[in-house]
Amino acid sequence: MRIFVPGDAAACAVGADEVARTLERLAAGRGLAIEIVRNGSRGMHEMEPLLEVATPAGRVGYARVAAGQVEAVLDALVEGRDHPACVGLVEEIPFLRRQTRLTFARCGITDPQSLDDYRANGGLEGLARAIEIGPEAAVEEVVASGLRGRGGAGFPTGIKWRTAAAASAPQKYIVCNADEGDSGTFADRMLMEGDPFLIIEGMAIAGLAVGATRGYIYIRSEYPHAIKAMERAAETARRGGLLGPSLLGSTHGFDLEIRVGAGAYVCGEETSLLESLEGRRGEVRAKPPLPALVGLFGRPTIINNVLSLAAVPFILAEGGKAYAEFGMGRSRGTMPIQLAGNVRNGGLFETAFGVTLGELVEDIGGGTLSGRPVRAVQVGGPLGAYFPPSMFHLPFDYESFAEADGLIGHAGIVVFDDSVDMARMARFAMQFCAAESCGKCTPCRIGSVRGTEILDLIVAGDRVDEHLALVEDLCETMKFGSLCALGGFTPYPVLSAIRHFPEDFRREAAPAEGGSNAFVD
Amino acid sequence: MTGNAHDPRLWTPQEVEEILRRHAGREGPLMPILGDVQAAFGHVPEGAVPIIAAALNLSRAEVHGVVSFYHDFRRAPASRPVVKLCRAEACQARGAEQLAPLLERDERIELETVYCLGLCASGPSALVGDQVYARLDETNVADLVALAARGSAL
Ligand SMILES: Cc1cc2nc3c(=O)[nH]c(=O)nc-3n(C[C@H](O)[C@H](O)[C@H](O)COP(=O)(O)O)c2cc1C
Ligand code: SF4
Ligand code: FES
C-alpha cells in the first residue's frame, strides 16, 4: 500500500510529521507493507494534513487527519470500511478539478525528492528540447509564450533573456528569486518543497539559453523546509546529470548554489538581492544598468522569480504557443493564485488569467472562514491595493488591476471579514514600509515613519480632514520620489483603503486596543 | 538557521576561523558566513567581526554595516527561547493580533515578529527554531509556549 503524507510546511505546521511517524510505527507493529511518500501539498490548506491512499480507482483522500486518528483510518482501510475523514477521490475535489495546472502539474502528486518520479511524470522534457533546438530558439520560445515575470513587476521574461543572451561576458549568472516576502503568498515555497527539480530544470534551461553556467537560488530564512528541500534536490540533480558540466549528456554545463536570506523583505527586490548575494547591505541599486547587462558581480545576470523559471520547462516542452493559448490580453498563460487570510478554502489555485476576483474569493474560496461577510481583499502583497466586494468584477490580469490602481504582484489574495479596521491596515502598510525600508531614499525612509504617525492621529480621531490631506500628499511624494516599489507602492494599500473604506477613517475616537471594529457590531 | 538562541554557547575565535575555512574560495561568502556564525552562537559576537573582516579583506565598518542591516543577525543572544509570530496581513486577518499580547506577556519566551512564513491560508502561524506551527489559537499557543520553553519542538 502506498500512502502519501505531505511534507509541505503547511502540512507539517499542523501535524503531518507526527502523522507520518505514527503511520510508520503502526505499520511496522502490524507487519503491514506500507510505503510512505512525503509528497508536496495539493494546495488545499484547510484539508491539511491530507493523507492520500493509492487505489486502483485513483488516490483517495483523508482530510485533517490528526496523529490520534491514524490508527482508526488504518483500520478502516484494512477492513475496507468508510471513515468520516474520507473525502473521496482527490482529483474529483472541485477545488482541484477547476484548475489548470501547468506549473503545479506534479506538485502533490509525485515524490518531490525522486528524480526518477520527476522524469516519469514529464520532467526534463523541456531541458531535452532546449538542448535539441539550441540557445537562440529556446529564448524565442520563451518570447513567444508571452510569459511575464511572476515576481511582481510583470516584465516579459523572453525580452529579459534576449538582452542577457546578446551580452558577451566571461561569466553570466542565473539567479532565482525565492525571497517570497509578500504576505498571502506561498506558491514559491510550495513548489520548492513539492517539485524542486522543476525549478532546477527551469534554471538550467535559462542558463543554456543565455549562456550562463552558474546560478544561485536565494531563499528567505523564514522557509527552513524549502531550504532543506532545495539543497537535497540540488544534490540529487547533480548526481543525475540535471546539473553539472554536462546537462543530460550535452555540451552545456550549469550548476547552482542555494543561498539563504536574513530576514530583510527588501532583499526580494532584484538589485537588493544581488547586493545581498555579493555580501553587502541589501540596498537597492539605481537602474540602469539593467541586471541583465550588469548584474551579479558586475556580470550579465538573469534574475527571475521561482514561478517564472518554473513555467519555462512546460514552455520548452510544449512550445511557447501552447502556453500563450491560455490567458487574456497581454497576460498569457496561467497564474498560480494564492487564496489566503480569512478564507474558507484557502490555498493554491492555478488558472488561466481572466477569472474574476469575485469568482476567486466567493466561488472558489468559499467566502470567509469566519462565516461573516467579506469586507476587503488585498491583492498582490503588502504593496498591493485593498478592494471592496463592489470591485469583484475585476478580471485577474495585469492590466485590469493596474487600471484599478492596484497590482496583481505575486498573485496573493488576502481576504478580510467585516471585523477589519481599514485605518489600521493603512497604518500597518506604512509601518511595514518603515520597518523594511533599505534607507536609501528619504521619502521611503522618513515618509513611512511620518505616515505611521499621522495615521495614528487619524485612528485617534485627531483633526481627521487635515491629517488625511497630509497622508495623501505624503503618498504622492513617496510614489514619485522612491527608487523602488517598497516606497513607491506603499501608497497603494494606504490610498485604496482611504478611497474604498472612508468610513473607517472618520470614526469617533475608538479605544486603542483589540482589532475589532466597534462600528460594525 | 536560527540556531539554539536560548542556549548561547560561548564563542571562540577558533570556531569562527573554522566557519571561515568552510567558506574559503566561495563567491560572495559574507552572508553564508554570518548565517553560520548566527546559527552557531545565537548572535554575531562583536569580537567575531574583526576576524571575519580580516579574512575577507573588508573593513570592520563594512562587516558591521551588513550585520546591522539584516533582522536575523542579533548583536546579543536571546536570553529566552524565541517564538517568532507572524504578524503580516494574512495572519492578522485570521486573528494573529489577538495572540500577540498573550505571547508578549509570557516571561518564559521572547516574542519576535516575522512578516510571513508562507502559511497564509492556515494562520496564525509561528516559527520556533526550524519548526513551523499554524492554526494557532489561544489554547494551542499555550502548548507551543510550553514546548518552546522546554527547548523541545513538537
Ligand atoms: C520591495 C520589493 C520586494 C520584492 N520581493 C520579491 C520577491 O520576494 N520575489 C520576487 O520574485 N520578486 C520580488 N520583487 C520583484 C523583483 O524586484 C523583480 O522584479 C523580480 O525578481 C524579477 O523576476 P520576474 O521577472 O521573474 O518577476 C520585489 C520587488 C520589490 C520592490
Ligand atoms: S524606496 Fe525604500 S526600499 Fe526602495 S530604494 Fe528607496 S529607501 Fe530603499
Ligand atoms: S501572513 Fe502569516 S504566514 Fe503569511
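Residues numbered from 1 in each chain as written. Chains lettered and ligands numbered in written order. Predicted model: local features only at pLDDT ≥ 70, side-chain atom pairs only at ≥ 80, totals over all residues. Heavy atoms only, no water.

(A) Examining the overall build of chain A more closely. When helices and strands are counted, chain A shows 21 helices and 16 strands. For chain A, the C-alpha radius of gyration of 24 Å lies close to 24 Å, the compact-globule estimate for 521 residues. The principal-axis extent of the C-alpha atoms belonging to chain A is close to 70 × 65 × 40 Å. Partitioning the intrachain contacts of chain A with sequence separation of at least 6 by distance along the chain shows that 70% fall at a separation of at least 24. Surface accessibility of chain A: about 18,200 Å² in total, with carbon and sulfur atoms responsible for 53%. (Helix = DSSP H or I, 4+ residues; strand = E, 2+ residues; numbered from the N terminus. Rg over C-alpha atoms; globule rule 2.2 N^0.38 Å. Contact = heavy atoms within 4.5 Å. Areas by Shrake-Rupley, 256 points an atom, 1.4 Å probe, with all protein chains shown as cover.)

(B) Quick look at the site of ligand 2. Around ligand 2 sit 13 residues, and of these A:C438, A:K440, A:C441, A:C444 and A:C484 come closest. Counted by class, the shell around ligand 2 contains eight nonpolar, four polar and one charged residues. (Near = heavy atom within 4 Å. Nonpolar A, V, L, I, M, F, W, Y, C, P; charged D, E, K, R; others polar.)

(C) Seen up close, the domain arrangement of chain A. The assigned domain composition of chain A is domain 1 (2–93), domain 2 (115–325), domain 3 (328–417) and domain 4 (422–505). The C-alpha-based centres of domain 1 of chain A and domain 4 of chain A are spaced at 46 Å. (Domains from an automatic or database assignment.)

(D) Spotlight on the domain arrangement of chain B. Assigned domains within chain B: domain 1 (13–69) and domain 2 (82–150). For domain 1 of chain B versus domain 2 of chain B, the separation of C-alpha centres amounts to 30 Å.

(E) View of the interface of chain A and chain B. On the chain B side, the residues contacting the 71 residues of chain A number 39 residues. The junction of chain A with chain B conceals about 4,100 Å² of combined surface from both sides, 54% of it contributed by carbon and sulfur atoms. Between chain A and chain B we count four salt bridges in total. Across the chain A-chain B interface, the total number found is 28 residue pairs in polar contact (both at pLDDT 80 or more). At the level of elements, α1 (9–12), β7 (214–219), α11 (224–239), β8 (255–260), α12 (270–277), β12 (334–341), β16 (412–417) and α17 (422–436) of chain A are the ones that each hand at least two residues to the side of chain A that touches chain B. Considering every element that reaches the side of chain A that touches chain B, the biggest residue donor is α17(A), with six residues. (Buried area = accessible area lost by both parts, 1.4 Å probe. Salt bridge = Lys/Arg side-chain N within 4 Å of Asp/Glu carboxyl O. Polar contact = N/O pair within 3.5 Å; in protein donor to acceptor, adjacent residues only side chain to side chain.)

(F) A look at the site of ligand 1. Residue and element names in this part refer to chain A. Lining the immediate environment of ligand 1, one finds 19 residues, of which G151, E270, N304, N305 and S308 sit closest. Interatomic distance of 3.2 Å between a backbone N/O atom of G268 and a nitrogen atom of ligand 1. For ligand 1, whose unbound accessible area comes to 610 Å², protein coverage reaches 92%. The set of elements that each furnish at least two residues to the shell around ligand 1 consists of β9 (301–305) and α20 (485–489). Considering only residue class, the shell around ligand 1 consists of five nonpolar, eight polar and six charged.

(G) View of the pattern of salt bridges. Using the criterion set out here, one finds 54 salt bridges over all chains in the structure. Residue A:E235 is joined to A:R238 by a salt bridge in which the shortest nitrogen-to-oxygen separation is 3.3 Å. Of this pair, A:E235 and A:R238 both sit in helix α11, three residues apart, which is roughly one turn of the helix. For A:E235, a relative accessible area of 39% gives the class partly exposed. On the basis of relative accessibility, which here comes to 32%, the residue A:R238 falls in the partly exposed class. Each of A:R214, A:E257, A:R259, B:R26 and B:E27 takes part in one network of salt bridges that share partners. (Buried < 20%, exposed > 50% of the residue type's maximum accessible area, 1.4 Å probe, protein only.)

(H) Quick look at the pairing of β12(A). All names here are of chain A. With eight of its eight residues buried, β12 lies for the most part within the structure. Where β12 meets strand β13 (residues 347–352), six bridges bridge the pair, whose relative direction is antiparallel. Looking across to β13, one finds that M335 is bridged to T351. Here β12 hands over to β13 after five residues, the two strands then running antiparallel side by side. Examined bridge by bridge, β12 and β16 share four bridges and lie parallel to one another. Residue pairing across strands places G341 opposite V415, the latter belonging to β16. (Pairing = 2+ DSSP bridges.)

(I) Just a nonpolar patch on the surface, in detail. Residue and element names in this part refer to chain A. There is a patch of nonpolar side chains on the surface, built from L290, L293 and V294 and spanning about 230 Å² of accessible area. Following the sequence through the fold, V294 ends up in the loop between α12 and β9. Overall, the relative accessible area of 37% leaves V294 in the partly exposed class. (Patch = residues over 30% accessible without salt bridge, like charges linked within 9 Å, V, L, I, M, F, W, Y side chains within 5 Å.)

(J) How the structure looks around the packing of aromatic side chains. Scanning the model with the defined rule gives 17 aromatic pairs over all chains in all. For the pair A:F432 and B:Y115, a centre-to-centre distance of 5.0 Å together with 80° between the ring planes defines the contact as edge-to-face. Pair noted here: A:F432 is in helix α17 and B:Y115 is in the loop between β2 (110–114) and β3 (126–128), and the two residues belong to different chains. A single burial state applies to A:F432 and to B:Y115, both of which are buried. Grouping aromatic residues by their ring pairs yields a cluster made of A:Y265, A:F428, A:F432 and B:Y115. In this arrangement the basic side chain of A:R59 is found over the ring face of A:F4, its NZ or CZ atom lying 3.5 Å from the centre. A cation over an aromatic ring shows up here: A:R148 above the ring of A:Y398, its NZ or CZ 4.2 Å from the ring centre. (Phe/Tyr/Trp six-rings, centres within 6.5 Å; stacked < 30°, edge-to-face > 60°. Lys NZ or Arg CZ within 6 Å of the ring centre and 35° of its normal.)

(K) Molecular detail of the side chain of A:S448. Residues and elements named next belong to chain A. Mapped onto the elements of the fold, S448 is located in helix α18 (residues 442–459). When its relative accessible area of 0% is taken as the criterion, S448 is described as buried. At a separation of 3.4 Å, a polar atom in the side chain of S448 contacts the main-chain carbonyl oxygen of R445. When near neighbours in sequence (up to four residues on either side) are disregarded, S448 contacts M430, C433, A434, P443 and M478.

(L) Seen up close, the pairing of β9(A). Residue and element names in this part refer to chain A. The buried count for β9 comes to five of five residues, which makes it a mostly enclosed element. Both faces of β9 are covered, namely the face carrying T301, I303 and N305 and the face carrying I302 and N304. Where strand β6 (residues 173–178) and β9 come together, five bridges link them in parallel fashion. By the bridge assignment for β9, Y173 is matched with T301.

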